[in-house]
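Chains, contacts and geometry: an overview
Residues per chain are reported as follows:
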Amino acid sequence: DTAVSQTPKYLVTQMGNDKSIKCEQNLGHDTMYWYKQDSKKFLKIMFSYNNKELIINETVPNRFSPKSPDKAHLNLHINSLELGDSAVYFCASSQFSGRPGGEQYFGPGTRLTVT
Amino acid sequence: DAKTTQPTSMDCAEGRAANLPCNHSTISGNEYVYWYRQIHSQGPQYIIHGLKNNETNEMASLIITEDRKSSTLILPHATLRDTAVYYCMHTLGGGADGLTFGKGTHLIIQP
């Protein structure tokens, strides 16, 4: 069974379109994240949700809107896509234990290409 | 910005131990050292973490210096499947903090 799954795996779209990426985890974790990995392979945190509440928003343009309908899901909606949004987007989850030591589990990634 | 320093790349012969160093001189007293790796085109994979003491699990061993300013990840018997980019970071962990990935070390296992 896949622990953290993302759909779609590949997404090719034109500038100006709106698209969504879905993420689901079956690990029972209460914290989920979105990361972006650009063409230079730098991996950067975008958002973090804990118990469906937004915890981290790392100065991401407001065209990006995460939505967490429940603890097991964290979706990413992107409006008015731009060329610079092309990247691989990774979802991750962890268990917030209230103390240091929780490791994160990553999904397989969604490769977004904006033309 | 990444707070750690790692060599850009390293080679290791298959079957030998791979020792990956990391400098984290700005680590604070309650931060853990975490190691992840990313095999080509896959999501990052958690390897191990530690605070002060050396740690070992089924994947690797982590040696942390007494002053905690550096650490070494040891893959005891490297295989070709261990070829990946290895990331070292320090974080409180366990909370909702995202991880700050640096450039990592590209470890290439040679047959």
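Heads up: the structure comes first, above all this text.
Reading the values: rules and limits
Residues numbered from 1 in each chain as written. Chains lettered and ligands numbered in written order. Predicted model: local features only at pLDDT ≥ 70, side-chain atom pairs only at ≥ 80, totals over all residues. Heavy atoms only, no water. Helix = DSSP H or I, 4+ residues; strand = E, 2+ residues; numbered from the N terminus. Rg over C-alpha atoms; globule rule 2.2 N^0.38 Å. Phe/Tyr/Trp six-rings, centres within 6.5 Å; stacked < 30°, edge-to-face > 60°. Buried < 20%, exposed > 50% of the residue type's maximum accessible area, 1.4 Å probe, protein only. Pairing = 2+ DSSP bridges. Axes fitted to C-alpha atoms, helices over the stretch in contact; angles between N-to-C directions.

**Regarding the overall build of chain A**
Looking only at helices and strands, one finds 0 helices and 11 strands in chain A. Overall, chain A shows an N-to-C arrangement of helices and strands of β-β-β-β-β-β-β-β-β-β-β. Its C-alpha radius of gyration of 14 Å places chain A within 12% of the 13 Å reference for a compact globule of 115 residues. Projected onto its principal axes, the C-alpha positions of chain A cover 40 × 30 × 30 Å.

**Observations concerning the packing of aromatic side chains**
Under the defined criterion, the tally for this structure stands at 11 aromatic pairs over all chains. Note on Tyr35(A) and Phe101(B): the rings are 5.9 Å apart at their centroids and 85 degrees apart in plane angle, and the pair reads as edge-to-face. Separated into two different chains, Tyr35(A) in strand S4 (residues 31-37) and Phe101(B) in the loop between strand S8 (84-91) and strand S9 (105-110) make up a pair that spans both. Both residues of the pair, Tyr35(A) and Phe101(B), belong to the buried class. Relative to Phe101(B), the ring of Tyr87(B) has its centre 5.0 Å away and its plane inclined at 90 degrees; by these criteria the two rings are edge-to-face. Within this pair, whereas Tyr87(B) is found in strand S8, its partner Phe101(B) is found in the loop between S8 and S9, the two being separated by 14 residues in sequence.

**Topic: the sheet that holds strand S8 (residues 73-78) of chain A**
Residues and elements named next belong to chain A. Across the sheet, which stays open at both edges, the 4 strands sit in the order S1-S3-S8-S7 with antiparallel pairing between neighbours. With one partner strand each, in any of the chains shown, strand S1 (4-7) and strand S7 (64-70) form the two edges of the open sheet. Within this sheet the neighbouring strands show an average axis-to-axis angle of 20 degrees, counted without direction. Pairing of S1 with strand S3 (residues 19-25), which is carried by 4 bridges, proceeds in the antiparallel orientation. Its bridge partner lying in S3, Ser-5 is registered against Glu-24.

These figures come from the coordinates and say nothing about function on their own.
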